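Each chain, letter by letter, is given below.
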Amino acid sequence: MPVSLDRRTRRDADLRKVGIEDFLKDDFPALVARHGSLVAAGIASLDAPPLAVEIGDHCWSFSVDGDTLAASRGIADGALVVTFTEVDFSDWVQNQRSFNAMLTARSLRYRGGSERDVSVWDSLWLTLLEGWPTVDDGIEFVDRGGEPLDFGRVFTPDDDPADIAHFLREAGFLHLRDWVDPAAMVAVSHDIDRALPDYQEGDGRSWWATVAGGSRRCVRLQEFVDRSPTTKAILLGERWDQLRRTLAGDDDLVQPSAEGRGLEALVKPLGVTVGASDVSFHRDCHFGRHAYGCSGAVVGIAVTASGEANGRLRVIAGSHRVLMPVEIAKTRPYLPVVAVSTEPGDLTVHLSCTLHESAPPVAEERRVMYTGFGLAPREPGSAAGGRALSELRERISNILLEQSGAPSP
């Protein structure tokens with residue numbers, strides 16, 4: 001298989017306070033020796049400016065030197081300049097938080113460059129840390145027999161599990177059918193209707209959006225599985241465990257508890273004017289901690305059909321293998337963009353490292369549920385990093401809620 005799901009190279013137990021001088025002396029030389037040429041190739045291909053890092057009285061620039069990356073004192077001509085606190089820098093060089101996380105949380109201070117430059121360097125820096133290439137002109141998508149992948153293929157439980165696992169690792173996504181009874185989706189949709197009155201703005205377990213005309217709609221229902229016996233039965237069924245084993249292949253995936261927030265129901269209404277209902281291209285690991293937790297498998301369950309009329313999932317094939325910057329994915333993607341139209345009961349799967357987006361509906365409402373499988377824990381005694389990321393996500397969620405006009409919980 002081309003890419004293992006388990007891409008974890010860092011452990012929370014190894015986290016430490018890292019200053020820029022110590023990083024340049026102790027870490028940077030080895031990183032450049034392993035991955036400097038990949039970063040240089042990305043800089044050249046994406047026409048990225050130098051990056052200057054400013055921390056108090058210290059300032060260093062990172063730029064191309066021949067076919068690798070080099071660091072020099074001061075601010076290079078034409079550089080994107082990022083001003084860090086010591087804590088932010090330490091988090092950044094250890095893949096705890098990305099530029100995107102800081103930007104979304106309104107804590108990133110930069111000058112001399114554009115949001116595109118910030119996004120490009122978000123990818124380039126992760127290339128330096130993890131050897132995940134930003135560009136790869138020779139990328140191919142082939143099946144187990146060496147033939148080109150059919151991105152439109154739909155897999156059923158009767159297909160060879162090895163073919164399914166290979167496709168997921170090669171393309172970064174899957175479209176599945178007959179793993180869930182489509183007739184059950186009628187009951188699930190009724191469960192959503194019954195649950196909606198139990199959710200209120202500011203309750204800490206729902207997201208809301210403003211639609212044309214000014215009314216407010218609940219668009220995300222957390223803790224939904226507790227309100228849907230049909231959904232709980234799906235998650236506890238043998239077919240669902242077969243799905244977990246199939247996706248895992250040679251890796252070890254675990255299912256979150258069927259209780260609590262392990263599953264969300266989403267309503268995609270027409271005419272959203274304000275609020276986080278449909279999100280443009282992003283990775284689920286784009287706030288940071290890719291090297292501590294990836295890759296999980298995110299599973300969407302189509303409650304209603306999806307397509308051009310009511311929106312659908314779009315993925316960028318291979319973006320778990322090639323670290324395309326998010327802002328470029330939104331404008332000029334250089335990997336295949338695949339729209340996945342579904343029938344009720346169909347499943348979509350994307351890896352947490354795969355760029356994906358939810359296209360908004362234009363003619364009718366869509367409903368979908370999201371859950372998934374994660375890699376088996378390997379650090380049972382350390383949860384500090386996970387808590388820190390959860391706190392960051394909560395802060396960002398509150399910012400998004402404020403932007404949508406909703407009260408914070």
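As a reminder, the structure under discussion sits directly above these lines.
Source: prediction; values computed, not measured.

A. Just the layout of surface pockets, in detail. One number sums up the size of the second largest pocket: a volume of about 280 Å³. Going through the elements one at a time, helix 1 (20–46) and helix 4 (115–130) are the ones with two or more residues in the lining of the second largest pocket. Counting residues per element, the lining of the second largest pocket draws most heavily on helix 1, at 5 residues. Per-class residue counts for the lining of the second largest pocket are 8 nonpolar, 2 polar and 7 charged.

B. Seen up close, the nonpolar core. If you look at the biggest cluster of nonpolar residues, it comprises 96 residues, and the most contacted ones within it are W92, W121, W125, F224, W240 and L247. For this core, the leading source of residues is helix 1, giving 9 residues. Ignoring anything within four residues of it in the chain, the contact list for L247 reads L5, L168, R169, L174, L253, A297, V299, V349 and F373.

C. Representation of empty space enclosed by the protein within the structure. On inspection of all chains with the given rule, the structure shows 4 cavities of 30 Å³ or more. As a volume, the largest cavity reaches approximately 160 Å³. Forming the walls of the largest cavity are 15 residues, and the residues nearest its centre are N95, S98, D122, L126 and H286. With 5 residues, helix 4 is the largest single contributor of residues to the lining of the largest cavity. When grouped by side-chain class, the residues that make up the lining of the largest cavity number 6 nonpolar, 6 polar and 3 charged. Size it by volume and the second largest cavity reaches roughly 100 Å³. Taken together, 16 residues form the lining of the second largest cavity, with A302, T342, T348, R366 and V368 sitting closest to its centre.

D. View of the side chain of R321. For R321, the location among the structural elements is in the loop between strand 13 (313–316) and helix 10 (326–331). Since its relative accessible area comes to 19%, R321 is described here as buried. There is a polar contact of 2.8 Å between the side chain of R321 and the backbone oxygen of E170. Aside from chain neighbours lying at most four places away, what touches R321 is V3, W132, P133, I139, E140, F141, R169 and E170.

E. The sheet that holds strand 16 (residues 356–358), seen in detail. Spatially, the 3 strands line up as an open sheet ordered 14-13-16, and their pairing is antiparallel. Looking along the sheet, the strands with just one partner apiece sit at the ends: strand 14 (337–340) and strand 16. Taking each pair of neighbouring strands and ignoring which way they run, the sheet shows an average axis angle of 20°. Relative to strand 14, strand 13 is paired through 4 bridges, and the arrangement is antiparallel. If you follow L313 over to strand 14, its bridge partner there is V340.

Conventions and cut-offs
Here the residue numbering is sequential within each chain, running from 1 through the sequence in written order. Local features in this predicted model are restricted to residues of pLDDT 70 or higher, and side-chain atom pairs are both shown and tallied only at a pLDDT of 80 or more, whereas totals for entire chains, interfaces and linings draw on every residue. Hydrogens and water molecules were not included; the side-chain quantities draw on all heavy atoms of the structure. Cavities and pockets are found on a 1 Å grid laid over the protein atoms alone: a cavity is a set of points where a 1.4 Å probe fits but cannot escape, a pocket is an open set with protein on both sides within 12 Å along at least five of seven lines, and a lining residue has an atom within 4 Å of such a point. Grid points are joined across faces, edges and corners, and a volume is the space filled by probe spheres set on the points. Helix and strand definitions follow DSSP, with helices as H or I runs of at least four residues and strands as E runs of at least two, each counted in order from the N terminus. Three residue categories are used. Nonpolar comprises Ala, Val, Leu, Ile, Met, Phe, Trp, Tyr, Cys and Pro, charged comprises Asp, Glu, Lys and Arg, and polar comprises the others, including Gly. In this description, a nonpolar core means a group of buried Ala, Val, Leu, Ile, Met, Phe, Trp, Tyr and Cys residues linked to one another through side-chain atoms lying within 4.5 Å. Burial status follows relative accessibility: with a 1.4 Å probe on protein chains alone, a residue under 20% of its type maximum counts as buried, one over 50% as exposed, and anything between as partly exposed. We call two residues in contact when some of their heavy atoms are within 4.5 Å. Counting of polar contacts relies on pairs of N or O atoms within 3.5 Å, with two restrictions inside protein: one atom must be capable of donating a hydrogen and the other of accepting it, and residues adjacent in sequence are counted only when both atoms are side-chain atoms. DSSP bridges decide pairing: two strands pair if at least two such bridges lie between them. Between N-to-C directions, angles cover 0 to 180 degrees, with each direction set by a line fitted to C-alpha atoms, over the stretch in contact for helices.

Such coordinate-based values are descriptive only and should not be taken to indicate function.
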